Amino acid sequence: LAPQVGWVWIIAAFYFVLYLLIALIMPGLVKACVGELTRRPTASFFMGLLTKILLPLIAAILAATGIGAVVIPFVFVALVFGAWVGKTALFESLGMGLGRRFGAAILEKPLVGFLAGILIITVLYMVSVIGLLILIMISIWGLGGAVLAAFGGLRREAPVVREAPVMPN
């Protein structure tokens, strides 16, 4: 984000509003992602990396089966939405983590933590090469947090199968 280029800031403002709306409208989804990012940060990053690596392979397999024309757009939209929610959660997690580390109770509130986190990341985006690396890392990490939260939600919804007790003869 170059300070002297005006149109870039319009795009940044659009994404800020998008992430803010996600934080306000879907706090449950963001909270689930924040939980995964806080509990398992390394697993979140590598899950995002694995998701980005395997996406072309999965798309090719779906396209080869014939149902890809119907399923691939939905998979793509789900991953983009998950990346947006994950990045929102990452901003929130960053701000809330700073609040915990420095004892600032105001930053531990989700919306204030989100604003602090996005401010820090925006400042880092303004550094030329580091900004690009931060963008790549944040995208991978956010997507990984969203994928782990989705898998965690699916795991919690799976019915528990209990086997019948075996009666002795």
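The structure this text deals with has already been given above.
Okay, so let's go over this structure. Bear in mind the structure is a predicted one, so any value in this text is a computation, not a measurement.

What counts and how
Residues numbered from 1 in each chain as written. Predicted model: local features only at pLDDT ≥ 70, side-chain atom pairs only at ≥ 80, totals over all residues. Heavy atoms only, no water. Helix = DSSP H or I, 4+ residues; strand = E, 2+ residues; numbered from the N terminus. Buried < 20%, exposed > 50% of the residue type's maximum accessible area, 1.4 Å probe, protein only. Contact = heavy atoms within 4.5 Å. Areas by Shrake-Rupley, 256 points an atom, 1.4 Å probe, with all protein chains shown as cover. Lys, Arg positive; Asp, Glu negative; His and termini not counted. Charge placed at Lys NZ, Arg CZ, Asp CG, Glu CD. Patch = residues over 30% accessible without salt bridge, like charges linked within 9 Å, V, L, I, M, F, W, Y side chains within 5 Å. Salt bridge = Lys/Arg side-chain N within 4 Å of Asp/Glu carboxyl O. Phe/Tyr/Trp six-rings, centres within 6.5 Å; stacked < 30°, edge-to-face > 60°.

1. Quick word on the overall build of the protein chain
Right, so step 1: Within the protein chain, the secondary structure is distributed over six helices and zero strands.
Right, so step 2: Going residue by residue from the N terminus, the α and β elements of the protein chain occur as α-α-α-α-α-α.
Right, so step 3: Buried positions account for 31% of the 169 residues belonging to the protein chain.
Right, so step 4: Relative to all contacts within the protein chain whose residues are 6 or more apart in sequence, the contacts with residues 24 or more apart total 67%.
Right, so step 5: In the form shown here, the protein chain has an accessible surface area of approximately 10,900 Å², with 77% of it arising from carbon and sulfur atoms.
Right, so step 6: Between the centroid of the 11 positive side chains of the protein chain and the centroid of its 5 negative side chains there is a distance of 6 Å.

2. Overview of a nonpolar patch on the surface
Right, so step 1: Side chains of V17, L21, L24, I25, L111 and L115 sit close together on the surface and give an oily, nonpolar patch of about 530 Å² of accessible area.
Right, so step 2: Structurally, I25 can be placed in helix 1 (residues 6-25).

3. Considerations on the packing of aromatic side chains
Right, so step 1: Counted by the stated rule, this structure contains seven aromatic pairs.
Right, so step 2: For the ring pair F14 and Y15, a centre distance of 5.3 Å and an interplane angle of 75° mean the geometry is edge-to-face.
Right, so step 3: Taking the centre distance of 6.3 Å and the plane angle of 20° together, the rings of F16 and F114 count as stacked. Taken together, the residues span a long stretch of sequence, with F16 in helix 1 and F114 in helix 5 (residues 110-125) at a distance of 98 residues.
Right, so step 4: Given a relative accessible area of 30%, F16 falls into the partly exposed group.
Right, so step 5: Taken together, the ring pairs in this structure connect F14, Y15, F16, Y19, F91 and F114 into an aromatic cluster.

4. Description of the side chain of K87
Right, so step 1: Summarising the element assignment, K87 is placed in helix 4 (residues 68-102).
Right, so step 2: One buried charged residue, K87, forms no salt bridge at all, with the nearest opposite charge on E92 at 15 Å.
Right, so step 3: Beyond its immediate stretch of four places on either side in the chain, K87 contacts Y19, Y125, L135, I138, S139 and G142.

5. Let's talk about the environment of P56
Right, so step 1: Mapped onto the elements, P56 comes out in helix 3 (residues 41-65).
Right, so step 2: Judged by relative accessible area, P56 falls into the exposed class, the value being 51%.
Right, so step 3: For the pair P56 and G152, spaced 96 residues apart in sequence, the C-alpha to C-alpha distance is 24 Å.

6. Notes on the environment of A13
Right, so step 1: By secondary structure assignment, the location of A13 is in helix 1.
Right, so step 2: For the pair A13 and L132, spaced 119 residues apart in sequence, the C-alpha separation works out to 18 Å.

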